Amino acid sequence: MQGTPKNVAAVAIFFLVIAAPHLINLVYAKAWTRPSEDTPRIRALAEKECLESEGWMRRHHMDLLLAWRDAALRDTDRVYQNGRGERYDVSLMRTCLNCHSNRAEFCDRCHAFAAVEPDCWQCHYAPEQVAKEGWR
Amino acid sequence: MSLDRRGFLKLAGFIGLAAGTACARRLAGPGSRYTTADGALEAKRWAMVIDMRRFTTAGDTQRVIDACHKAHNVPRIDDVRHEVKWIWTDTFDHVFPDQTHAHLPKALQERPFLLLCNQCDNPPCTRVCPTDATYRLADGIVAQDYHRCIGCRFCMAGCPYGARSFNWVNPRPYVGEVNPEFPTRSIGVVEKCNFCVDRLERGEVVRCAEVSAGGIVVGDLNDPESEVSRLLERHYTLTRKPQLGARPNVFYIVDDNVTGGEEEYVG
Ligand code: SF4
Ligand code: SF4
């Protein structure tokens, strides 16, 4: 029979379950906070520019890292020259992490918010990890 | 406009080429591009000569092994079931099983021979890799992309020289002093000597050769003037298991007078 209390309850429970992640997030989710760029190297920069613009890096950094991997390992291209003519070593550890030496406040902060767990750190390591905790 | 058959094929070819080039381009920011590094050390065909006359003690070989393993964060795991090695030693009869006999000089039998990946011309390891995680570069270096390795260990079965090690455990706790410019590997991937491709492409010399006091020479087999070519021209050299057809590019000079005594000919 239509519209009996039992059916209504079932539908309500169904939607509750489906909506549960959003409802939980409404209460518990922390707001996105800007990744910190406060590191000694970045502080020392006259112009606080990454190798590409901030917007481009935010959208494409993960794809750029994959392209870097293939450029270095497959094509033996170890230099990335940007539109401003600056040349960078194609290396996560020698280039990116050299400035962004604050994995927890830069990488992890956003990745945690976006609920992604990149496996970079199984092999590449964060500089401060070695400095503080020793090699793990 | 009418297009004859020849014209059509030409046009189609150009369009195909342009599309292919556009697709093959690696992601880069606006106006950005990839190039090789200035001062990169290049060769048509990399090869190595190991002059065993200069490796007479375990200390000579250990210095080389330590330098390589430190530069590449190779873990030191004492349990032989889990051990990982890029360069190591063994005895003559194990290294050249088909070129040995019972009456070799004792000093030669006791000498530690340095072993590493041979950067084969016809490498079985790359042929059996199902994910193209290991592959031969144009300059002959057999490279390995750990990101793509699925740990199937086919390459280990394919390599006739035992040059590859599997990470049975997380290697990180076993890395001693860390080189902060090089990654480690993770549990479940295979690793081996990379002929210092990361160093050569940045213009740095091969690490084991650098600390070998002239015992290891690296160079271009295609260049008749290179030091490896000249050494190969002057000396009788051995490669490992040549009958298998992998065509190794690591050559060994074995001295003809191990004890250094006076030659005595009675004639
Ligand atoms: S020595 Fe083994 S790992 Fe190295 S290229 Fe030859 S077959 Fe491959
Ligand atoms: S060539 Fe480089 S990676 Fe290979 S054994 Fe020598 S130092 Fe190690």
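For the structure, see preceding data.
S.K.: Mind laying out the pattern of salt bridges, listing which residues take part and the relevant values?
M.R.: This model, assessed by the stated rule, comprises 29 salt bridges over all chains. We note a salt bridge from Arg202 of chain B to Asp89 of chain A, for which the minimum N-O separation is 2.9 Å. With Arg202 of chain B in the loop between helix 7 (197–200) and helix 8 (207–210) and Asp89 of chain A in strand 2 (residues 87–89), this pair bridges two chains. Classification of Arg202 of chain B as buried rests on a relative accessible area of 17%. Residue classification places Asp89 of chain A among the partly exposed positions, given a relative accessible area of 23%. A salt bridge links Asp255 of chain B to Arg111 of chain B; the shortest N-O distance between them is 3.2 Å.

S.K.: Let's hear about helix 2 (residues 58–71) of chain B: which residues, and what values?
M.R.: Residues and elements named next belong to chain B. For helix 2, spanning 14 residues, the distance from its first C-alpha to its last is 20 Å, which sits close to the expected 20 Å at 1.5 Å a residue. Taken residue by residue, helix 2 has Asp60, Thr61, Val64, Ile65, Ala67, Cys68, His69 and Ala71 as its buried positions. Taken together, the buried residues of helix 2 touch strand 3 (87–90), strand 4 (113–116), helix 8 and strand 9 (216–220). Immediately downstream of helix 2, the backbone of Asn73 shows phi near 50°, a positive value.

S.K.: Lay out the interface of chain B and chain A with the relevant residues and their values.
M.R.: Taken together, the contacts link 37 residues of chain B with 36 residues of chain A. If you sort the residues of chain B by the area they bury against chain A, Tyr34, Arg172 and Arg202 of chain B come out on top, with a joint share of 22%. Summed over the shared surface of chain B and chain A, the result is seven salt bridges. For Asp145 of chain B, the salt bridge identified is with Arg74 of chain A, shortest N-O distance 3.2 Å. When residues of the side of chain B that touches chain A are traced back to their parent elements, those giving at least two are strand 1 (33–35) and helix 7 of chain B. Here the side of chain B that touches chain A gets three residues from one element, more than from any other, and that element is strand 1 of chain B. Grouping the constituent residues of the side of chain B that touches chain A by class yields 15 nonpolar, nine polar and 13 charged. Relative to strand 1 of chain B, strand 1 (residues 79–81) of chain A runs antiparallel, the two sharing three bridges. From the neighbouring strand, Gln81 of chain A faces strand 1 of chain B, where its bridge partner is Arg33 of chain B.

What counts and what doesn't
Residues numbered from 1 in each chain as written. Chains lettered and ligands numbered in written order. Predicted model: local features only at pLDDT ≥ 70, side-chain atom pairs only at ≥ 80, totals over all residues. Heavy atoms only, no water. Salt bridge = Lys/Arg side-chain N within 4 Å of Asp/Glu carboxyl O. Helix = DSSP H or I, 4+ residues; strand = E, 2+ residues; numbered from the N terminus. Buried < 20%, exposed > 50% of the residue type's maximum accessible area, 1.4 Å probe, protein only. Expected span 1.5 Å × (residues − 1). Contact = heavy atoms within 4.5 Å. Buried area = accessible area lost by both parts, 1.4 Å probe. Nonpolar A, V, L, I, M, F, W, Y, C, P; charged D, E, K, R; others polar. Pairing = 2+ DSSP bridges.

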